[in-house]
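# A closer look at the structure
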Amino acid sequence: MSETPWQKNLINIEPYVAGEQPEFDDIIKLNANENPYPPSPEVRKVLDHFSYGDLKKYPSIDASPLREAIAEYYGVKKENVFTGNGSDDVLATAFRAFFNSDLPIVYPDVTYSFYPVWCELLKIPSKTYAVDEDFRINVKDYYEPNGGVVIPNPNAPTSIGEGRDFIVDLLEHNRDCIVIIDEAYADFGKYSAVELIDKYDNLVVTQTFSKSRSMAGMRVACAFASPYLISYMDAVKDSYNSYPMDSIAIRTGIASINDKEYFEQTVNKVIATRERVSKALKEFNFKVLESSTNFLFATHPEHDATEIFEYLKTRKIFIRYFNKPRIEQYLRITIGTDEEMDAFLSAIENFLS
Ligand code: PMP
């Protein structure tokens, strides 16, 4: 078939593929790094009392009340905070605002697979540095001049978290570009770089309510940086969508951030389950990377990863498999409730026998 003139103008892009969202209830869903526990009961109260008539009005143009609540929680100023419709929206906004160099931006070869998609969409030149055989990022690779750096810490899907020394080293050797640290999973780890935003005026840290705050369906996330950098993110936001945060997202986001006790309890439960499951998998002879996230990244020396993945599906247990170089023998397993993880471990035991 010959191409019509307008077909030549269509975008040609390979999009990011998210984890499956099967539409039936009786499955164990360990494939999208969602939190198995519900959001804070304070979020429920907001929803129960939300006056539907309020929806006739536009939301706050800059989600100010939510920015204030986040700033207070983290001990920063409201001007240090940007909010968006999930960290995918926040990151895409940051890529647009900060990655406009002719030099390539750099990130690890094994990492969040949305980065190359944004580079393609936004025509940002990019380059990857290989993580080592233990999937660790070699910070020295990033000493080379570049047009920007983006690194998830902890990294996904490897689950490995780096500490303060690594981030400071990275920042000290990248004074001429913007460095984005994607902290989608930082609440399950040991270190957050938010404390460094005053010291490094080229640092941007992004976080999300999707994982540790159980609000993936509400699409709430934020970035921390100097007021100067935040003003550039606001300018991008106001150039394509003035209201990425809807009224319900703003109010439930505030309720969530204000309930510190529930947040800490939930995160600690997930961490305790993670450590238990990691140990159990090692007893089944899996190699499991040390996780600072709400998921495990594991491989079995004697069994093909796709076989395990497919077998678990027959047991209605969904985990994540990436058919990609270097990680094609690995499985990513989101931490569910203790009950769900017991079912997972018993399915693994059956598979192995
Ligand atoms: N960064 C990383 C490393 C992720 O794994 C994810 C989840 N897919 C995100 C960002 C985006 O999450 P959300 O848009 O739900 O905040």
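The following refers to the structure shown. (Residues numbered from 1 in each chain as written. Predicted model: local features only at pLDDT ≥ 70, side-chain atom pairs only at ≥ 80, totals over all residues. Heavy atoms only, no water.)

Check the secondary structure of the chain and you find 10 helices and 13 strands. Against the globule reference of 20 Å for 353 residues, the chain gives a C-alpha radius of gyration of 21 Å, in line with a compact fold. A principal-axis box enclosing the C-alpha atoms of the chain has dimensions of 60 × 55 × 50 Å. Taken over 353 residues, the chain has a buried fraction of 52%. Contacts spanning at least 24 positions in sequence make up 74% of the contacts within the chain whose residues lie at least 6 apart. For the chain, the exposed surface amounts to about 17,000 Å²; the carbon and sulfur share of it is 50%. The distance from the centre of the 37 positive side-chain charges to the centre of the 54 negative ones in the chain is 3 Å. (Helix = DSSP H or I, 4+ residues; strand = E, 2+ residues; numbered from the N terminus. Rg over C-alpha atoms; globule rule 2.2 N^0.38 Å. Buried < 20%, exposed > 50% of the residue type's maximum accessible area, 1.4 Å probe, protein only. Contact = heavy atoms within 4.5 Å. Areas by Shrake-Rupley, 256 points an atom, 1.4 Å probe, with all protein chains shown as cover. Lys, Arg positive; Asp, Glu negative; His and termini not counted. Charge placed at Lys NZ, Arg CZ, Asp CG, Glu CD.)

Turning our attention to helix α4 (residues 114-122). Listing the buried residues of α4 in full gives Phe114, Tyr115, Val117, Trp118 and Cys119. For α4, the secondary structure elements touched by its buried residues are α3 (87-98), β3 (105-108), β4 (126-129), β5 (148-152) and β6 (179-182). Of the residues flanking the end of α4, it is Lys123, one or two places downstream, whose phi is positive at about 55°.

Our next topic: the site of the ligand. In the region of the ligand, 14 residues are neighbours, and Ser87, Asp182, Tyr185, Thr208 and Ser210 sit closest. Between Asp88 and the ligand, the recorded distance is 3.0 Å, taken from a backbone N or O atom to an oxygen atom. Within the side chain of Asp182, a nitrogen or oxygen atom sits 2.7 Å from a nitrogen atom of the ligand. Surface burial for the ligand is 92%, taken as the share of its 400 Å² of free accessible area covered by protein chains. Element by element, the count of residues in the shell around the ligand is highest for α3, at three residues. Residue classes in the shell around the ligand are distributed as six nonpolar, four polar and four charged. (Near = heavy atom within 4 Å. Polar contact = N/O pair within 3.5 Å; in protein donor to acceptor, adjacent residues only side chain to side chain. Nonpolar A, V, L, I, M, F, W, Y, C, P; charged D, E, K, R; others polar.)

Let us now look at the environment of Lys123. Mapped onto the elements, Lys123 comes out in the loop between α4 and β4. Through-space distance from the C-alpha of Lys123 to that of Phe99 is 9.8 Å; in sequence the pair is 24 residues apart.

Now for the sheet that holds strand β13 (residues 331-334). The strands that make up a sheet are held in pairs by hydrogen bonds between backbone atoms, and each pair lies either parallel or antiparallel. Taken in spatial order, the four strands of this open sheet run β9-β10-β13-β12, and their pairing is antiparallel. Pairing within the sheet leaves two strands with one partner each, and these edge strands are β9 (287-288) and β12 (320-321). Alignment of β12 against β13, held across two bridges, turns out to be antiparallel. From the neighbouring strand, Arg320 faces β13, where its bridge partner is Arg332. (Pairing = 2+ DSSP bridges.)

Along the chain, Ala221 turns up in strand β8 (residues 221-224). Overall, the relative accessible area of 0% leaves Ala221 in the buried class. Sequence-wise, Ala221 and Asp88 are 133 residues apart; in three dimensions their C-alpha atoms are separated by 8.5 Å. In contact with Ala221, other than residues within four places in its own chain, are Phe82, Thr83, Gly84, Gly86, Ser87, Val90, Gln207, Thr208 and Phe209.

Honestly, it's all geometry; don't read function into it.
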